Number of protein chains: 2
Amino acid sequence: MLANHLQNGSETSGLLWSRIPNAEDPGGEFDPVGLSKKSDGTNGVESLDYEVIENYAYREEQAQRGRLFVIYQVAVKWFFALLIGVGTGLAAVFINISVENFAGWKFELTFKIIQHSYFAGFILYVLFNLVLVFSSVYIVTQFAPAAAGSGIPEIKGYLNGVEIHGILFFRTLIGKIFGSIGSVGGGLALGKEGPLVHTGACIASLLGQGGSKKYHLNSRWLQVFKSDRDQRDLVTCGCAAGVAAAFRAPVGGVLFALEEVTSWWRSQLMWRVFFTSAIVAVVVRTAMGWCRSGKCGHFGSGGFIIWDISDGQEDYSFQELLPMAVIGVIGGLLGALFNQLTLYVTYWRQNYLHKRGNRVKIIEACIISVLTSIISFGLPLLRRCSPCPEADPTAGIECPRPPGMYGNYVKFYCRNDREYNDLATIFFNTQDDAIRNLFSAKTVHEFSAPSLLSFLVMFYTLAVVTYGTAVPAGQFVPGIMIGSTYGRLVGMFVVKFYHKPNIEEGTYALLGAASFLGGSMRMTVSLCVIMVEITNNLKLLPLIMLVLLISKAVGDAFNEGIYEEQARLRGIPLLESRPKYRMRKMTAREACGNQKVVSLPRIVKVSDLVSILHSNKHNGFPVIDHARNGETLVIGLALRSHLLVLLQTKEDFQHSPLPCDTQSGTGIIRHHFTEFVKPASSRGLSIEDIHLNSDDLEMYIDLAPILNPSPYVVPEDMSLTKVYNLFRQLGLRHIFVVPRASRVIGLITRKDLLIEEEDNEDSDTVELQSTSVRGQRRDKTTIGNSEIEDPFLDHSSRQNSYRS
Amino acid sequence: MLANHLQNGSETSGLLWSRIPNAEDPGGEFDPVGLSKKSDGTNGVESLDYEVIENYAYREEQAQRGRLFVIYQVAVKWFFALLIGVGTGLAAVFINISVENFAGWKFELTFKIIQHSYFAGFILYVLFNLVLVFSSVYIVTQFAPAAAGSGIPEIKGYLNGVEIHGILFFRTLIGKIFGSIGSVGGGLALGKEGPLVHTGACIASLLGQGGSKKYHLNSRWLQVFKSDRDQRDLVTCGCAAGVAAAFRAPVGGVLFALEEVTSWWRSQLMWRVFFTSAIVAVVVRTAMGWCRSGKCGHFGSGGFIIWDISDGQEDYSFQELLPMAVIGVIGGLLGALFNQLTLYVTYWRQNYLHKRGNRVKIIEACIISVLTSIISFGLPLLRRCSPCPEADPTAGIECPRPPGMYGNYVKFYCRNDREYNDLATIFFNTQDDAIRNLFSAKTVHEFSAPSLLSFLVMFYTLAVVTYGTAVPAGQFVPGIMIGSTYGRLVGMFVVKFYHKPNIEEGTYALLGAASFLGGSMRMTVSLCVIMVEITNNLKLLPLIMLVLLISKAVGDAFNEGIYEEQARLRGIPLLESRPKYRMRKMTAREACGNQKVVSLPRIVKVSDLVSILHSNKHNGFPVIDHARNGETLVIGLALRSHLLVLLQTKEDFQHSPLPCDTQSGTGIIRHHFTEFVKPASSRGLSIEDIHLNSDDLEMYIDLAPILNPSPYVVPEDMSLTKVYNLFRQLGLRHIFVVPRASRVIGLITRKDLLIEEEDNEDSDTVELQSTSVRGQRRDKTTIGNSEIEDPFLDHSSRQNSYRS
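As the structure is a prediction and not an experimental result, all values here were calculated from the model. (Residues numbered from 1 in each chain as written. Chains lettered and ligands numbered in written order. Predicted model: local features only at pLDDT ≥ 70, side-chain atom pairs only at ≥ 80, totals over all residues. Heavy atoms only, no water.)

Draft legend 1. Quick peek at the pairing of strand β11 (residues 735-738) of chain A. Judged by which residues are buried, β11 of chain A turns out to be covered on both faces: I735 and V737 of chain A on one side and F736 and V738 of chain A on the other are all buried. Crossover handedness for the path strand β10 (residues 713-715) of chain A to helix α26 (residues 720-729) of chain A to β11 of chain A: right-handed. Relative to strand β12 (residues 746-748) of chain B, β11 of chain A runs antiparallel, the two being bridged by 3 bridges. If you follow V737 of chain A over to β12 of chain B, its bridge partner there is G746 of chain B. (Buried < 20%, exposed > 50% of the residue type's maximum accessible area, 1.4 Å probe, protein only. Helix = DSSP H or I, 4+ residues; strand = E, 2+ residues; numbered from the N terminus. Right-handed = clockwise from strand over helix to strand, strands pointing away. Pairing = 2+ DSSP bridges.)

Laid out in structure tokens, this is it:
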């Protein structure tokens, strides 16, 4: 029945978010298993309870707790920030060790075998990759469908206020971790950094709700994180932790969370996010120190993602700014092209290929794996080896590199001992090592232009094709690969024509990497800091800034950033930070369109409520009451989810159509506040789930206790730009559009908000003495100021006189 | 008369900001010259026009311009960002070169003379310092009183929405630059970094209004930056540029602007601030490259503030975390104590000492200068010299340092050639060099504990006493001095007891510096990034984070950050990011108190308007009109400043009490939009300035064209916490408190705000065709949706029927 309502489609007004283009599409990356159970057509995209729950039940909870509880709450928040840091750090270490070991075994074995037969080595290489990729795609398709892709667009959506079903599940976390190991270890043209952000977010969210549904902690702990805002804050911490762990860039992580993922930000949160990032840095460092002794197999030598170029170029001249600007332009163009191509490919996949089920996805990933293996093994074979350069003992770089070691000058299919294959050095290698080689200083003329060009074309194509397969996939490392390749190409040109001794090709490779990421992701400050942190060279900061500025500006001329594009394609309706130009000329009323507002009375008959909830899919309902003089008054907002809880528990049903506070002396709230909170990983109640008998339907409910008594309102002819800013900056989910006011009771200005905190002891005792918020609130009201027209107050007194 | 009204004090409701404790005090740091002219008792603190001007005049301007103008506007904004970067960078270079040269001459001469006579050297040293400090305090007191202090609290206030008269004047800029040179060159215990932030802000503000009042650029340029928001954005850029220039820390600059100074932040702005910082980095680098050839005198060897410790400690063990935590705790305690002591000293100065006029201020600064000179010269004399350590050729540090050079191991009052004076190494030196020596690696046991302790006590005392004198003064460098001293002390302890080979005392000095700044300024991410950027060592990042976390937490247990404390003392009412706990239980109506709202009718008689403006000091007035059915309707907000412009120009006066749009066919707006904008450096109009004859007083004004037709409204019983968030996050200045609505016209949800941009060409032509906003707006209204109750529409039709 719900599905029928949705199919009508026209009745979705007031619903927080109902359907957007492509959202009805049951295919796409979100289709399988976990999601295909749902048949309501919303494709798993639903809205969050974005507003802090603020009804009386919540307020009573708050008041009963007092200040000590607040301190306890803060302590727990910090403890959770610590746990998130530790968890994400350990996950990152686990992924890195696994990937490095798989890749290490693979290359060790292959290099051993190709001493005897290149063909046998090739077969082994292909099979090894295939098995890893197959394991990854199998886990993802069969077990954790939401783990596919990078996850950053989804997390962005979540923090913007849209929940995509399944992204924060426990099995998504597992799928992400093991899927990453398979896909990255299997040598596909993708990275493990985006998935780590998602991993961090999952860990944070699961911690916040006390483990998966199956492993609840005790309820005392849970109470602390029952509001959606707390949950979102934790996920923000998790994102920052993910970046911090992925790149060992703690400051970059904080900035990434700030710039890229969160929609609104409080400075209190920054501090906590910062702490989490610092913890991650300590955990990762400790683990690496432990591994240095050789206990982690191949990990010790390969190590984490840092590409240290602190011994690189020290200085730059003004002449070099021109080729650097060229790199910026190339980055903007190639980045924008990348976004556009992946958009087409993903669209095609979503609408044609992936509709055919999981088997097609698995076959697709395996084909791409084989293709990648063939190209990365075969292309270097076609390339003739170059003789090693004159040995420079100060540089400490051996040519060819000793077998079984990581480094430059890979000997592959060469006849002489003192030769190396430049294409194999970047292609037949893990991506981390390839980037290290491309960034390396003191290796002028290591690579030839044809090798770099052919690698650029092939890898770019592979990256585009690989993007969107059903495996966890990040875009950072492929982006750095692509960028550093053309960067190094430009660097070779500069070295050749500028005749300066201190120019390093590796510096240009770094700038190229920054430019491509800037052109594709359109991040600014955070990307800049991440690049500096991963290369451990602060001196290049102004150059990275320059290149990023250019590449972002060029890219913005063509399309949006890759995360925004992908989010739109996946049907995640992000509210951008800047209102649309069109909104300047629209009013709030026009934005509502010709929707019909469905209001509820304060005391509603159960049967009426059920039929209203059945008849539409609105998520919020204005509640209207009558004031003493007979006029109507809007007394608040009732959320569908809360109404459903009332209907399900039946505890608040009453026989008389009178307000509850006049009849029962036992207190107003029969519900515990936590009952109203939907855990992040469940789907929540639906009206279909509720079964009422005919007696129940004849009862009444007083909605006053569950109302949000003062939702934000805007006058009907307010400019939509202003409404947009209000909505987004305060992270709202509902705004009431109301008629212009007839009078102004007061003006609030800066002066009125400069209230000094009253003495701590006083407020503490007040809180502890009072047991009911309502009572307390009334006290305050009368003390503070005369004649406040509290509709509830009016109502109850009216009802009292009514009875007497 | 105005002053009388203020003295009554009770009539200040509705006034944006009127008086706060200490604000009536005509003394304090703001007293002299420029400010003492004003006698209205507000001590120069006034509110900004925080809201974007949004009346019809503005809208018409906007509409006439179209999209091409928007592009032009954006281009100009970026060009200004470039100019701010260049200007601030050059100012920083100028200040640094001057300071280094003055200090260089001073020490060179003194060292020459003390070869013969220590007494003569001492006299020269004292006199040199005295002359520099006198020049600084003379400039500040006689010419630019607002240039005293660091300026950061004032800039914070400005960006929070409170304007302090004079802080962005041209002469403040001049006073700041030359005053800094004198006070820092004169060896006082203060820094040039805070003033550089102020300098950057001044440059930005002056550029934004096209130079000082005397040097206007053409009006075409000016139009672009007429809104207060643009002006604030420029000042934000200027702040970031100041930090970037002061510390050569571009990312730190962006984060400082983000975390510390701005109250609200848009991600679009981040990008522009980032650009400005990058420009500063390039300018400073270029200048330093130019100076390297020796063209800048003593500057070449001393250089900018960077204390490179990239060759310092590489690694740290878990055992070291304990002494590091101890450093954090000490930093928190000493920082909080510093804030408290400076608060007392400033309070005393403001209320007793500085009330006595400029001569007292000059004498005070001179006494402190002589005192500082005596201590920094005399204390090392009492200290016995130590023998030089065994020469370590790899470290490249000479002992004693060659005369005329900068470095460790200063020979001062020593008998033997191979001896140095450890106290003179830090005390009898520029602060930059002292810090470099304290941070230096490979100099274990250079300093003795008694020397460091006595230096710590003396310098701490000097810093407290110096803070608040009438010279430009930053707290960064003194803070780093203090912190690195006790940090090095702890480091000595660690070296002694831990028996580890790779521990460097310099690392602990750095951590100490971070901890003291954290304990005093309570910044987090930005401070961390600045510390990393100035030491050029990313490896210590997690440790700096840890220390900052601890010191900030410890400090927060005692008092607020130094900028907040000082802002409060100076009467700058900052709205903090977190609403007060008390507000949870207050409603919007209670916040208004028992203020009387003064409303205006739409058509107001000039004499009435004048008497209303005379009778109170409100800055905003609700405008009430009558709808068709006779009910009153709030149609908008009129700002006092706009009303004053109307009264002054008299162009809008009309004889009939009918709306203007019904009588004149020529168009509604007679004013150019720019007339309504008050330049940042002027005091604006006052009702006293306006002289009207009796004929004028009998005329009428239609306020509709100058209204802000839809100010934000809140229902009267909304929780004050919500109101606070609305006010602060949107940067408002007025909120109307209105009665609860009687009905809900519509609900705006996420879905309603997901509007796709219409085709560019279409909107362009629409804009170019329409010449009047009013007409256009009405078109839109009727197209969009039926029956919008536009009060103006009603009114004019009513008036039309009235006439016919």
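Structure's up, so let's keep going.
Draft legend 2. The relation of the copies chain A and chain B, seen in detail. At an RMSD of 0.1 Å, chain A and chain B line up after a rotation of 180° and a shift of 0.0 Å along the axis. What we have between these two chains is a two-fold relation. Same-surface contact between copies: 100% of interface residues of chain A are shared with the interface of chain B. (Least-squares fit on C-alpha atoms with pLDDT ≥ 70 in both. Contact = heavy atoms within 4.5 Å.)

Draft legend 3. Quick look at the sheet that holds strand β8 (residues 632-639) of chain A. Residues and elements named next belong to chain A. The 3 strands lie next to each other as β5-β7-β8, forming an open sheet whose pairing is mixed. In the strand order of this sheet, the two ends are held by β5 (600-601) and β8, each with one partner. In terms of strand pairing, β5 meets strand β7 (residues 620-626) through 2 bridges, oriented parallel. Among the inter-strand pairings, P601 is bridged to a residue of β7, identified as I624. Taken strand by strand, helix α24 (residues 640-649) contacts β5, β7 and β8, and its axis lies near 80° from that of β8. (Axes fitted to C-alpha atoms, helices over the stretch in contact; angles between N-to-C directions.)

Draft legend 4. The arrangement of a nonpolar patch on the surface in detail. Nonpolar side chains collect at one region of the surface, where F119, I123 and L127 of chain A lie side by side and expose about 310 Å² of accessible area between them. Within the secondary structure, I123 of chain A is located in helix α3 (residues 118-142). (Patch = residues over 30% accessible without salt bridge, like charges linked within 9 Å, V, L, I, M, F, W, Y side chains within 5 Å. Areas by Shrake-Rupley, 256 points an atom, 1.4 Å probe, with all protein chains shown as cover. Salt bridge = Lys/Arg side-chain N within 4 Å of Asp/Glu carboxyl O.)

Draft legend 5. Region of interest: the packing of helix α8 (residues 228-247) of chain B against helix α9 (residues 250-261) of chain B. Residues and elements named next belong to chain B. Interaxial distance between α8 and α9 falls to 7 Å at its minimum, and their mutual angle equals 135°. Taken together, α8 and α9 sit at an angle that is classed as oblique. The way α8 lies across α9 gives a crossing that is right-handed. Facing T236, C239, A240, V243 and A244 of α8, the residues of α9 in contact are P250, G252, G253, V254, F256, A257 and V261. (Parallel < 35°, antiparallel > 145°, perpendicular 65-115°, else oblique. Left-handed = near helix turned anticlockwise from the far one by under 90°.)

Draft legend 6. Representation of the pairing of strand β8 (residues 632-639) of chain B in the model. Of all the 8 residues making up β8 of chain B, 7 are buried; the element is thus mostly covered by neighbouring parts of the structure. The loop that links strand β7 (residues 620-626) of chain B with its antiparallel partner β8 of chain B comprises 5 residues; one of these, G630 of chain B, has a positive phi angle of about 90°.

Draft legend 7. Local environment of the environment of T443 of chain A. Residue and element names in this part refer to chain A. With respect to the helices and strands, the residue T443 is situated in the loop between α15 (431-439) and α16 (449-466). Look at T443 and you get buried, because its relative accessible area is 1%. The spacing of T443 and Y409 is 34 residues in sequence and 9.5 Å in space, taken between C-alpha atoms.

Draft legend 8. How the structure looks around the packing of helix α3 (residues 118-142) of chain B against helix α13 (residues 358-382) of chain B. All names here are of chain B. At a closest axis distance of 9 Å, the pairing of α3 and α13 adopts a crossing angle of 150°. One element, α3, and the other, α13, form an angle in the roughly antiparallel class. α13 is crossed by α3, and the crossing has right-handed handedness. Residues that form the contact of α3 with α13 fall into these classes: 16 nonpolar, 8 polar and 1 charged. (Nonpolar A, V, L, I, M, F, W, Y, C, P; charged D, E, K, R; others polar.)

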